[in-house]
Amino acid sequence: MLRIRTLASVSALALAGACSSTQTSATSAATPVSGPLPLKYAGPVTSAPISAQDLMTRLYVYADDSLQGREAGTVGHMKATAYIADQVRRLGLAPAGDNGTYFQNVPFISRRFDPATTLSVDGSALTAFTDFVAFPFRGASPRSIDGVQVVYGGTLGDTTREISADQATGKLVVMSAGRGGRFGRRGAPNPLAGAAAVAVIAGPQLSAQELASGRSASLTLKPEPGAPTAQVTLYVTESAAARLLGGSPDQMTVGATGRTVQGNLRYITTDAPTRNVVAILPGTDPALRGQYVAIGAHSDHIGLRAAGPVDHDSLHLYNQQRYFITDNPSGERLTPEQQAQQRERLGAIRVNLDSVRALRASRPDSINNGADDDGSGTVTVLEVAEAFAKGTVKPKRSILFVWHTGEEKGLLGSRYFTDNPTVSRDSIVAQINIDMVGRGAAKDLAAGSERYLQLVGSRRLSTELGDLVETVNRTEPMPFTFDYTYDANGHPENIYCRSDHYEYARWGIPVVFLTTGLHGDYHQVTDEPQYIDYPHMARIGKLVFDLADRVADMDHRPVVDKPKPDPKGACRQ
Ligand SMILES: [Zn+2]
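Residues numbered from 1 in each chain as written. Predicted model: local features only at pLDDT ≥ 70, side-chain atom pairs only at ≥ 80, totals over all residues. Heavy atoms only, no water.

## Focus on the overall build of the chain
Helices and strands together make up the secondary structure of the chain, namely twelve helices and 22 strands. As displayed, the chain has an accessible area near 22,700 Å², and 53% of this comes from carbon and sulfur atoms. (Helix = DSSP H or I, 4+ residues; strand = E, 2+ residues; numbered from the N terminus. Areas by Shrake-Rupley, 256 points an atom, 1.4 Å probe, with all protein chains shown as cover.)

Below you can see the structure in the form of structure tokens.
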């Protein structure tokens with residue numbers, strides 16, 4: 001699942017350890033699929049039925065530390081996609097990527113802030129990594145800041161004293177950090193959108209985390225010629241901010257003008273190719289096999305933790321609690337009384353940390369394994385593929401399996417695939433997307449249960465498809481209780497726009513998005529295979545299999561009876 005982008009939202013968790021991730025080994029083929037699960041596990045060979053056992057075997061491979069968090073454009077993600085391609089080759093699926101292979105190459109670049117960058121104000125130099133640091137960004141090239149006027153923009157997250165778009169456009173806007181947060185009010189145009197750059201005041205010195213972020217590379221799609229320039233975010237020290245503004249921001253009104261900055265931000269760019277994995281199960285009906293039911297997940301995740309290792313066990317317990325304290329499943333804050341109740345649970349959980357410590361020593365961890373996001377979807381799609389390839393159910397239409405890259409970078413792999421499809425775009429009759437289908441139990445979220453499943457987008461283009469999901473669900477041995485909360489128009493979590501299905505929907509292809517939802521370990525090093533609910537995930541896999549089979553055997557395509565979005569426009573939930 002793609003993260004909502006906010007500035008300065010990377011809050012420092014002071015739980016740092018000192019070395020890289022280490023795990024102890026506890027491997028046994030007889031390990032149960034639920035209850036306390038091991039940190040490492042090598043399961044038996046997989047078989048045709050979609051099973052919790054197979055999913056567990058696959059996910060402990062796919063979310064292993066050796067894949068280094070599977071960031072698109074890295075070696076770890078190349079290994080991950082090699083695993084998927086090897087699996088579908090063994091299943092005998094037809095390759096449907098470039099040049100008769102299972103891979104569709106997606107041209108990524110790596111872009112890193114150049115530490116030799118110098119800026120100056122009033123003739124004196126600002127030094128990179130001492131006075132300021134610039135973050136990686138997406139887009140063609142950074143907007144020029146050479147000769148640009150500096151203005152004071154107020155405090156991040158303070159919408160009562162907000163700079164206007166007129167005051168910000170074309171300027172270098174210096175912002176006090178406050179408690180971080182998004183620019184502007186939700187739903188309103190961002191007043192900083194037209195700024196040449198935004199500089200956030202870090203503190204007396206740049207923190208280790210800010211320096212680490214400045215050293216990290218952004219991996220993104222190679223820009224098209226003539227692509228628009230991008231706004232860069234900088235972190236500056238208090239003294240550098242005072243030099244840029246010509247005085248302390250404490251005395252300044254919002255919109256007050258400062259000095260002029262000289263010089264430009266420079267970046268070092270190299271190629272970092274990545275790839276989608278695309279495979280086809282041919283349909284049995286000669287008249288229908290030229291049409292496809294697409295099933296997808298994203299193969300990538302977010303790589304290593306930029307700020308270094310943290311203690312895994314205490315972070316996991318903290319994350320579980322944090323999520324329960326602040327949020328409920330509809331994304332609303334809990335009442336003070338509910339929060340107090342949840343804090344009482346925190347006390348109990350602290351006791352549990354002591355019992356974990358009795359079992360094993362502190363485990364420093366810096367790898368975002370992405371077991372749920374979206375290892376769970378990736379291995380579930382593999383299980384569905386295996387069930388079709390080895391089983392007796394043979395659908396009339398073809399099934400198109402796509403494991404997308406670069407979802408975490410902004411749905412880039414699915415955008416690339418739907419802009420450059422390897423089958424005719426019009427031949428895709430529906431897309432079923434699964435992203436984060438491994439949690440959703442009562443311990444993960446307040447509304448969670450073994451029947452919990454969120455559905456998003458299923459009636460946004462085709463009422464018929466939305467109805468069909470419900471019909472198929474009723475035939476399952478243990479039907480799910482669908483939660484449509486996150487499908488509401490304008491829902492603040494914006495889930496409809498945050499995973500790969502939208503890239504299909506924008507072309508008018510009906511979609512169904514299935515997920516067990518956000519949880520405390522989302523985008524943390526603690527998203528690991530031992531916390532996954534495998535029986536729950538297996539039942540979701542079976543539902544996806546049955547749904548795909550039903551759509552593939554229909555005597556007509558799912559009817560599109562709702563307006564299609566503008567494929568080049570912005571997504572609106
Ligand atoms: Zn994600």
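## What about the packing of helix H1 (residues 52-62) against helix H2 (residues 75-91)?
Contact geometry of H1 with H2 gives a least axis separation of 10 Å together with a crossing angle of 150°. Contacts from Arg58, Val61 and Tyr62 in H1 reach Ala80, Tyr83, Ile84 and Gln87 in H2. Grouping the constituent residues of the contact of H1 with H2 by class yields five nonpolar, one polar and one charged. (Axes fitted to C-alpha atoms, helices over the stretch in contact; angles between N-to-C directions. Contact = heavy atoms within 4.5 Å. Nonpolar A, V, L, I, M, F, W, Y, C, P; charged D, E, K, R; others polar.)

## So, unusual backbone geometry
In this structure, aspartate 374 follows aspartate 373 across a cis peptide bond, with omega equal to -15°. Its place among the elements puts aspartate 374 in helix H8 (residues 371-390). Within the chain, asparagine 99 stands out as a residue other than glycine whose phi angle is a positive 50°. Looking at the secondary structure, you find asparagine 99 in the loop between strand S1 (94-95) and strand S2 (103-106).

## Focus: the packing of aromatic side chains
Within the structure shown, the criterion is met by 13 aromatic pairs. Considering the side-chain rings of tyrosine 62 and tyrosine 83, the 6.0 Å spacing of their centres and the 40° angle between planes classify their relative orientation as tilted. Of this pair, tyrosine 62 sits in helix H1 while tyrosine 83 sits in helix H2, and the two are 21 residues apart along the sequence. Judged by its relative accessible area of 0%, tyrosine 62 is buried. Classification of tyrosine 83 as buried rests on a relative accessible area of 16%. Site record: aromatic cluster; members linked through ring pairs are Phe113, Phe129, Phe132, Phe137 and Tyr267. Sitting over the face of the ring of tryptophan 507, arginine 425 holds its NZ or CZ atom 3.6 Å from the ring centroid. Above the face of the tyrosine 496 ring, arginine 460 is positioned so that its terminal group lies 4.7 Å from the ring centre. (Phe/Tyr/Trp six-rings, centres within 6.5 Å; stacked < 30°, edge-to-face > 60°. Buried < 20%, exposed > 50% of the residue type's maximum accessible area, 1.4 Å probe, protein only. Lys NZ or Arg CZ within 6 Å of the ring centre and 35° of its normal.)

## Structural notes on the pattern of salt bridges
If you walk through the whole model with that rule in mind, you get 22 salt bridges. A salt bridge links aspartate 487 to arginine 460; the nearest nitrogen and oxygen atoms lie 3.0 Å apart. Here aspartate 487, found in the loop between strand S21 (481-483) and helix H11 (501-505), pairs with arginine 460, found in the loop between strand S20 (452-456) and helix H10 (463-474); they are 27 residues apart in sequence, far enough to count as distant. One exposure class covers both aspartate 487 and arginine 460, and it is buried. (Salt bridge = Lys/Arg side-chain N within 4 Å of Asp/Glu carboxyl O.)

## Here we look at the side chain of threonine 418
Relative to the helices and strands, threonine 418 resides in helix H9 (residues 412-419). At 3.5 Å, the side chain of threonine 418 forms a polar contact with the backbone oxygen of glutamate 503. What threonine 418 contacts, discounting residues up to four positions off in sequence, is Arg425, Glu503, Tyr504, Arg506 and Trp507. (Polar contact = N/O pair within 3.5 Å; in protein donor to acceptor, adjacent residues only side chain to side chain.)

## Some remarks on the state of the cysteines
Inspection of every chain in the model, using the stated rule, returns one disulfide. Here cysteine 497 connects covalently by a disulfide to cysteine 571, the sulfurs 2.0 Å from one another. Of note, the bridge from cysteine 497 to cysteine 571 carries an S-S torsion of about -75° and is left-handed in sense. Taken together, the residues span a long stretch of sequence, with cysteine 497 in the loop between S21 and H11 and cysteine 571 in the segment after helix H12 (534-553) at a distance of 74 residues. (Disulfide = S-S within 2.5 Å.)

## Focus: the environment of leucine 281
Looking at the element boundaries, leucine 281 is found in strand S14 (residues 274-281). Given the relative accessible area of 8%, leucine 281 is considered buried. Residues leucine 281 and proline 395, spaced 114 residues apart in sequence, show a C-alpha to C-alpha distance of 8.9 Å. Residue contacts for leucine 281: discarding those within four places in its chain leaves Leu93, Phe388, Ala389, Pro395, Ser398, Ile399 and Phe401.

## What to know about the coordination of the zinc ion
Coordination sphere of the zinc ion, protein contribution only: Met1 (N), Met1 (O), Asp373 (OD), Glu408 (OE), Glu408 (OE) and His523 (NE2), at 1.8 to 2.7 Å. With six donor atoms in place around the zinc ion and angles of 55 to 160° between them, the coordination shape is irregular. When the donor residues of the zinc ion are listed from N- to C-terminus, their spacing reads M-x371-D-x34-E-x114-H. In this pair, methionine 1 sits in the segment before H1 while glutamate 408 sits in the loop between strand S18 (398-404) and H9, placing the two residues 407 residues apart along the sequence. (Donors = N, O, S within 2.8 Å, 3.2 Å for Na, K, Ca; no water. Tetrahedral: all angles 85-135°; square planar, octahedral: opposite > 155°, others 65-115°.)

## Quick notes on the sheet that holds strand S13 (residues 267-271)
The strand order across the open sheet formed by three strands is S10-S3-S13, and the pairing between neighbours is antiparallel. Pairing within the sheet leaves two strands with one partner each, and these edge strands are strand S10 (217-221) and S13. Put simply, the sheet's adjacent strands are angled 25° from each other on average, direction ignored. Of the pairings in the sheet, the one linking strand S3 (residues 108-113) to S10 comprises five bridges and is antiparallel in character. Opposite arginine 111, over in S10, you have serine 218 as the bridge partner. (Pairing = 2+ DSSP bridges.)

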